[in-house]
Amino acid sequence: MTTTLRPGTALRGLAGDAETTGIFDELSRREVRRAVLTAVAVPGYQVPFGSREMPVARGWGSGGLQVTLALVGPEDRLKVIDQGEDAGVNAANLRRLVCGQAGCDEVTDTREATLVQSRHRIPETPMTEEQVLVLQVPVPEPLRGVVSDMREQRRMHAEADYAKMWVSLYEDIVRNGVVTRSAGYPCLVNGRYVISPTPIPRFDVPKLDHSAHLTLFGAGREKRIYAVPPHTLVEPLTFEDVPFEVEHTPGAACRHCGSAGTYLVEEPTRDGTVHWVCSDTDHCARNRMEEDR
């Protein structure tokens, strides 16, 4: 005797025994996880996926949110930062949304987190092999600034033809004396694919090279996911006679903890003066606690 399954029944069977409630169903989670596995297997390659509509405003990182929701579980400890700050509007709302859906714990200490979702920064505290970093990505295509045709972009990636990218960097040096790109500085991953590590600043690019943790990039609007697996070679594109440099202001130090070796941002005051503070608020707070001891 044969049994005929309705299409809806077959799909529910693929999704699992229990129906998933919330904003991200199990089929969507599985699709994102498959894309993540492909991205890890081919470092730097942009894997297309069926991006879903998320209950967040445009520019709030729907791609990173989908990757996080696909990976996070009740046993995880989630940290969400916005430009290094735990208390930012973007960070607080996304943290509350994800924890409400997954039932996981929320933390602000980088060392305690199992999964870190970030906008614009890689934490100053080195992450371990037991942790995963998810970056929200507005513009995943590094070639967009030099080639507008998507078919030509795909051809260039397939053939590792990045000559126009090198010419663009050379022209920038000729005009300005230095490479002026900060966020989205092009990097060669595992000697094969050039990626745009957007939106992190140039200061954080060296942290990707041979990092102990897995880094995942999710672009919701562009429907792309790519990855830098642990202990992978990541090289910023540079010329031999023009070394790669990170952002640095001579003499600047954090007004709170005194650190001069972290990524600093300007903090204007009422009297018009400008002070420097650490972008990573968790790292800054820990430095102050150690000083107090």
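Refer to the structure above for everything that follows.
The residue numbering used here restarts from 1 in each chain and proceeds along that chain's sequence as written. Side-chain atom pairs in this predicted model are given and counted only at pLDDT of 80 or more, local residue features only at pLDDT of at least 70, and totals for whole chains, interfaces and linings cover all residues. Heavy atoms from the whole structure form the basis of all side-chain values; hydrogens and water molecules are not counted.

**Looking at the pairing of strand 11 (residues 264–268)**
- In this scheme, strands are said to pair when DSSP sees at least two bridges between them. For helices the rule is a DSSP run of H or I covering at least 4 residues; for strands it is a run of E covering at least 2, with both sets numbered from the N terminus onward. In this structure, strand 11 lies alongside strand 12 (residues 274–278), joined through five bridges in antiparallel fashion. Its bridge partner being in strand 12, Pro 268 is matched across the sheet by Val 274.

**Side note on the pattern of salt bridges**
- The salt bridge criterion pairs a side-chain nitrogen of Lys or Arg with a carboxyl oxygen of Asp or Glu, the two atoms within 4 Å. Enumeration over the complete set of coordinates arrives at 20 salt bridges.
- Here Arg 119 and Asp 82 are joined by a salt bridge, their closest N and O atoms 2.6 Å apart. One end of the pair, Arg 119, is in strand 4 (residues 115–119); the other, Asp 82, is in strand 2 (residues 77–82), and 37 residues separate them in sequence.
- The exposure class of Arg 119 is partly exposed, given its relative accessible area of 21%.
- Accessible area is worked out with a 1.4 Å probe on protein chains only. A residue is then buried under 20% of its type maximum, exposed over 50%, and partly exposed in between. Residue class for Asp 82 comes out buried when judged on its relative accessible area of 11%.

**Things to note about the sheet that holds strand 8 (residues 214–219)**
- One open sheet holds the seven strands; their spatial order is 1-9-8-5-4-2-3, and the pairing between them is mixed. Looking at which strands have only one partner, the edges of the open sheet turn out to be strand 1 (47–48) and strand 3 (105–106).
- Pairing geometry for strand 2 and strand 3, over two bridges, is parallel. Within strand 3, the residue paired with Leu 78 across the bridge is Glu 106.
- Across the sheet, helix 2 (residues 26–41) touches strand 1, strand 8 and strand 9 (224–228), and the angle it forms with strand 9 is around 45°. Throughout, a contact is declared for two residues whenever any of their heavy atoms are within 4.5 Å. Simply put, an axis is a line fit to the C-alpha atoms, just over the touching stretch for a helix, and the angle between two N-to-C directions goes from 0 to 180 degrees.

**Examining the pairing of strand 8**
- Across the six residues of strand 8, six count as buried, placing the element largely inside the fold.
- Because side chains alternate across strand 8, one face comprises the buried residues Leu 214, Leu 216 and Gly 218, and the other comprises Thr 215, Phe 217 and Ala 219, equally buried.
- Relative to strand 8, strand 5 (residues 132–136) runs parallel, the two sharing five bridges. Within the sheet, the bridge partner assigned to Val 134 lies in strand 8 and is Leu 216.
- Note that strand 8 and strand 9 share five bridges and pair antiparallel. Note that in strand 9 the partner of Ala 219 across the bridge is Arg 224.
- Connecting strand 8 to the next strand, strand 9, in antiparallel fashion are four residues, including Lys 223 with a positive phi near 60°.

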